[in-house]
Amino acid sequence: AIERAKWVDFVGPAAARAASIGRLEQALERPIERIASHQAALQTGELSGKRLDYDKAASVLDKAVARYLQLEALWVKVTGAAMPTRHQIEDPNGEPITPNMAVLAELQRAVRDHRQRTEEMESDDGLDP
């Protein structure tokens, strides 16, 4: 059961993320079609069979583009496309930032201590690891 729970904890968020990405990609297709339609309406001055003046047509197009940009920004966040690589992370002087080994060693020690305390608690409570 513990192994199954670990697997679900790992796979569950990944599956939910993949589903979100798929829905976002579908949602991004509709605004692109709408933008193309509104651009044509701006040129012809007619939207859905109704005459529009230039300002109203431009306003409708601006709203469609703004909605697309919101969805695109969300897509970038969900997919991690905006995440920098290690080579892109730099200090204010433009030099690459290297890992702080003292902090990493402290973190490793804290993880080791936590694991040891957990094992002691499980053995004291009669639970097998």
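For the structure, check the block above.
Parameters at a glance
- Residues numbered from 1 in each chain as written.
- Predicted model: local features only at pLDDT ≥ 70, side-chain atom pairs only at ≥ 80, totals over all residues.
- Heavy atoms only, no water.
- Helix = DSSP H or I, 4+ residues; strand = E, 2+ residues; numbered from the N terminus.
- Buried < 20%, exposed > 50% of the residue type's maximum accessible area, 1.4 Å probe, protein only.
- Contact = heavy atoms within 4.5 Å.
- Salt bridge = Lys/Arg side-chain N within 4 Å of Asp/Glu carboxyl O.
- Patch = residues over 30% accessible without salt bridge, like charges linked within 9 Å, V, L, I, M, F, W, Y side chains within 5 Å.
- Areas by Shrake-Rupley, 256 points an atom, 1.4 Å probe, with all protein chains shown as cover.
- Core = buried A, V, L, I, M, F, W, Y, C linked by side-chain atoms within 4.5 Å.
- Lys, Arg positive; Asp, Glu negative; His and termini not counted.
- Charge placed at Lys NZ, Arg CZ, Asp CG, Glu CD.
- Expected span 1.5 Å × (residues − 1).

Draft legend 1. Spotlight on the overall build of the chain. In terms of regular secondary structure, the chain is built from 3 helices and 2 strands. Across the 129 residues of the chain, 14% fall into the buried class. The contacts in the chain between residues at least 6 apart in sequence include a share of 53% that link residues at least 24 apart.

Draft legend 2. Seen up close, the pattern of salt bridges. Per the stated rule, a full pass over the model turns up 2 salt bridges. With its nearest N and O atoms 2.4 Å apart, the salt bridge here joins Arg109 to Glu106. With Arg109 and Glu106 both in helix H3 (residues 101-124) and 3 residues apart, the pair spans about one turn of that helix. In this structure, Arg109 and Asp113 form a salt bridge, with 2.5 Å as the shortest nitrogen-oxygen distance. Taken together, the residues span about one helical turn, with Arg109 and Asp113 both in helix H3 at a distance of 4 residues. It is possible to trace a salt-bridge network through shared partners that takes in Glu106, Arg109 and Asp113.

Draft legend 3. Molecular detail of a nonpolar patch on the surface. Taken together, the side chains of Met101, Leu104, Leu107 and Val111 make up a nonpolar region of the molecular surface, amounting to roughly 390 Å² of accessible area. Mapped onto the elements of the fold, Leu107 is located in helix H3.

Draft legend 4. Just the nonpolar core, in detail. Ile35, Leu42 and Leu71 are the most contacted members of the largest nonpolar core, which has 13 residues in total. Broken down by secondary-structure element, the contributors of at least two residues to this core are helix H1 (2-44) and helix H2 (54-79). Among the elements that line this core, the one with the most residues is H2, at 7 residues. Every residue in contact with Leu71, bar those within four places of it in the chain, is listed here: Leu24, Ala27, Leu28 and Pro31.

Draft legend 5. Molecular detail of a negative patch on the surface. A cluster of like negative charges, contributed by Glu119, Glu120, Asp124 and Asp125, occupies part of the molecular surface. In this structure Glu119 comes out as partly exposed when scored by relative accessible area, which is 43%.

Draft legend 6. Spatial organisation of H2. The terminal C-alpha atoms of H2 lie 37 Å apart, and with 26 residues this matches the ideal 38 Å at 1.5 Å per residue to within 8%. Looking at H2, one finds that the buried residues are Ala57, Ala58, Leu61, Ala64, Tyr68, Leu71 and Val78. Residue Gly80 follows H2 closely and has a positive phi angle near 80 degrees.

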